[in-house]
Amino acid sequence: MEKEMSENQARKWQVNPRYNPREESQTVVRKVKKTPWITKGEKVIYSITGAAILAFGIGIVSFASGTDSLNRGMQNVETNINNQKIINENLNFEKEELSRPERITEIAEKNGLKIQNSEVKQAETVNN
């Protein structure tokens, strides 16, 4: 009789398609695979592009820094040249002042020299 009951129950279950004891007892766990927001290829491209932009920026900053230091050096040299020009002009003026014929005759008379001719001519230097 047990066979008959189990067969009858099996037929009932087959007849009623809505009832499935396996569905009730088992829960199906599905793993949802997330698709990444950025693919691996895009990550590589973005990394290379970012590194290139960073290197380009560092190059520009170092070039600007070098140019700035070069300009500052040139300004210092120009300032030194202008100061030396002023010193040279002052020395030229002083040289002309000291080489006046009147001053030379005055110093000669103070040292006991007698000038026979009253005309004193200034000697010019000859540059060869």
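Above: the structure in question.
What comes next concerns the included structure. (Residues numbered from 1 in each chain as written. Predicted model: local features only at pLDDT ≥ 70, side-chain atom pairs only at ≥ 80, totals over all residues. Heavy atoms only, no water.)

## Quick notes on the overall build of the chain
For the chain, the count of helices and strands is four helices and zero strands. Moving toward the C terminus, one meets the helices and strands of the chain in the order α-α-α-α. Classification of the 128 residues of the chain by burial places 2% in the buried group. Approximately 13,200 Å² of the chain is accessible, and the part contributed by carbon and sulfur atoms is 56%. (Helix = DSSP H or I, 4+ residues; strand = E, 2+ residues; numbered from the N terminus. Buried < 20%, exposed > 50% of the residue type's maximum accessible area, 1.4 Å probe, protein only. Areas by Shrake-Rupley, 256 points an atom, 1.4 Å probe, with all protein chains shown as cover.)

## Focus: the pattern of salt bridges
Per the stated rule, a full pass over the model turns up four salt bridges. Here Arg72 makes a salt bridge to Asp68, at a shortest N to O gap of 3.0 Å. Within this pair, Arg72 and its partner Asp68 are both found in helix H3 (residues 40–98), separated by four residues, close to a single helical turn. For Asp68, a relative accessible area of 37% corresponds to the partly exposed category. Through salt bridges with shared partners, a single ionic network connects Glu97, Arg100 and Glu102. (Salt bridge = Lys/Arg side-chain N within 4 Å of Asp/Glu carboxyl O.)

## A few points about the environment of Thr105
Relative to the assigned elements, Thr105 resides in helix H4 (residues 101–110). Looking at Thr105, the relative accessible area reads 19%, which means it is buried. With 10 residues separating them in the primary sequence, Thr105 and Ile115 have C-alpha atoms 7.6 Å apart.

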